[in-house]
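As a plain string of letters, each chain reads:
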Amino acid sequence: MLSSDFSNLASEAHRMTNYGADWLHMDIMDGHFVPNLTIGAPIIESLRKHTKAYLDCHLMVTNPLDYVEPLGKAGASGFTFHIETSKDNWKELVERISIQGMRPGVALKPETPIEEVYALVEAENPVEMVLVMTVEPGFGGQKFMPEMMDKVRILRKKYPSLDIEVDGGLGPSTIDTAASAGANCIVAGSSVFGAPEPAQVISLLRNSVEKAQQTH
Ligand SMILES: O=C(CO)[C@@H](O)[C@H](O)COP(=O)(O)O
């Protein structure tokens, strides 16, 4: 939703779900971990009053622990934190996310090796999704980094049933590359909000993933 009109967030959310979006991806940025500042728990709480959609929160913040209880109480559905911020406390983080009834996920920046998330996927109380950033986090409208697909291929081979999300520069010209590598959760901002027919783009993204899943 970073590409949406934030002054009309509820109607933008309805527009996207009416166009066929399964989830609403909410980029939460603190202006410290990334050089941008967006939304927090109060916005999620207000939005939750207007939609039952899955709110897939991506925490681009230095201290994700500070956001767990506020976002859980606000009605967030998924809570995906960055491994770069939680190498020493991810077990506590995942436990507290789960206690709040949210789905835990872990994200990694382009320069972070994929090996750094294996322990979180294999843990007794594991994350349920890995978000492979395909741009440097902080802004929408950037160019897709195809070199990140090696991470997706490795994850898909190692964990066949894991949810693998990709985020950054996804659209009609890049979706087949991501889907064929094994990504099954697709974040798309500018390619959908900027499209003359957003529903057609959402349908194209979904069809590409479904087609690729038949070969995995
Ligand atoms: O987390 C981020 C950016 O940090 C992403 O969610 C972007 O907001 C995706 O936007 P597009 O690249 O699809 O325009």
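As the structure is a computational prediction, the values presented were derived from the model and not from experiment.

Peer 1: So what's going on with helix H4 (residues 90-99)? Which residues, and what values?
Peer 2: Listed in full, the buried residues belonging to H4 are Trp 90, Leu 93, Val 94 and Ile 97. All buried residues of H4 project into a common sector of 95° when viewed along the axis, lining one side. Along H4, exposed side chains directed more than 90 degrees from the buried face belong to Lys 91 and Ile 99. Next to the buried residues of H4 lie helix H3 (65-74), strand E3 (78-82), strand E4 (103-108) and helix H5 (118-122). Downstream of H4 by a residue or two, Gly 101 has a phi angle that is positive, lying close to 80°.

Peer 1: Now, about the site of the ligand: what can you tell me, with residues and values included?
Peer 2: In the vicinity of the ligand lie 19 residues, with Asp 27, Gly 138, Asp 167, Gly 189 and Ser 190 positioned nearest. Measuring from an oxygen atom of the ligand, one finds a side-chain N or O atom of Asp 167 at 2.7 Å. At 2.8 Å, a backbone N or O of Gly 169 approaches an oxygen atom of the ligand. Relative to its free-state accessible area of 370 Å², the ligand is covered by the protein chains to the extent of 99%. Every element with two or more residues in the shell around the ligand is listed here: strand E1 (23-29) and strand E2 (54-60). Top contributing element to the shell around the ligand by residue count: E1, with three residues. Looking at the shell around the ligand residue by residue, the classes come out as eight nonpolar, nine polar and two charged.

Peer 1: Just give me the short version of the packing of aromatic side chains, but keep the residues and values in it.
Peer 2: All told, the structure shown has two aromatic pairs when counted by the stated rule. On the basis of an interplanar angle of 25° and a centroid distance of 4.3 Å, the ring pair of Trp 23 and Tyr 54 is categorised as stacked. Taken together, the residues span a long stretch of sequence, with Trp 23 in strand E1 and Tyr 54 in strand E2 at a distance of 31 residues. Stacked on the ring of Phe 33, the Lys or Arg Lys 109 has its end atom at 5.0 Å from the ring centre. Lying over the aromatic face of Tyr 118, Lys 158 brings its terminal NZ or CZ to 4.6 Å of the ring centre.

Peer 1: Can you tell me about the pattern of salt bridges, naming the residues and giving the values?
Peer 2: Between side chains of opposite charge, pairing is possible as soon as their charged atoms come close. The full count for this structure, using the stated rule, is 10 salt bridges. Residue Arg 15 pairs with Glu 12 through a salt bridge whose shortest N-O separation is 2.8 Å. Of the two residues, Arg 15 and Glu 12 both sit in helix H1 (residues 9-18), three residues apart, roughly one turn of that helix. For Arg 15, a relative accessible area of 28% gives the class partly exposed. Glu 69 is the salt-bridge partner of Arg 96, the closest N and O atoms lying 3.0 Å from each other. Of the two residues, Arg 96 is situated in helix H4 and Glu 69 in helix H3; the sequence distance between them amounts to 27 residues. One network of salt bridges, with partners in common, ties together Glu 69, Glu 92 and Arg 96.

Peer 1: Tell me about the UniProt feature "active site" (unreviewed entry) in the protein chain, residues and numbers included.
Peer 2: Those places that UniProt annotates as "active site" (unreviewed entry) correspond, in this numbering, to Asp 27 and Asp 167. Of the residues just listed, which span 141 residues, no C-alpha pair is farther apart than 10.6 Å, and they cluster in one region. Locating Asp 27 in the fold gives a position in strand E1. Within the structure, the side chain of Asp 27 is placed 3.0 Å from the side chain of His 25, a separation counted as a polar contact. Secondary-structure assignment places Asp 167 in strand E6 (residues 163-167). Among the residues examined, Asp 167 registers a relative accessible area of 9% and is labelled buried. Once you skip the residues sitting within four places of it in the chain, Asp 167 turns out to touch His 25, Asp 27, His 58, Leu 131, Val 132, Met 133, Thr 134, Val 135 and Val 187.

The rules behind these values
- Residues numbered from 1 in each chain as written.
- Predicted model: local features only at pLDDT ≥ 70, side-chain atom pairs only at ≥ 80, totals over all residues.
- Heavy atoms only, no water.
- Buried < 20%, exposed > 50% of the residue type's maximum accessible area, 1.4 Å probe, protein only.
- Helix = DSSP H or I, 4+ residues; strand = E, 2+ residues; numbered from the N terminus.
- Arc of directions from axis to C-beta.
- Contact = heavy atoms within 4.5 Å.
- Near = heavy atom within 4 Å.
- Polar contact = N/O pair within 3.5 Å; in protein donor to acceptor, adjacent residues only side chain to side chain.
- Areas by Shrake-Rupley, 256 points an atom, 1.4 Å probe, with all protein chains shown as cover.
- Nonpolar A, V, L, I, M, F, W, Y, C, P; charged D, E, K, R; others polar.
- Phe/Tyr/Trp six-rings, centres within 6.5 Å; stacked < 30°, edge-to-face > 60°.
- Lys NZ or Arg CZ within 6 Å of the ring centre and 35° of its normal.
- Salt bridge = Lys/Arg side-chain N within 4 Å of Asp/Glu carboxyl O.
- UniProt positions renumbered as here; feature names shortened; annotations may be inferred.

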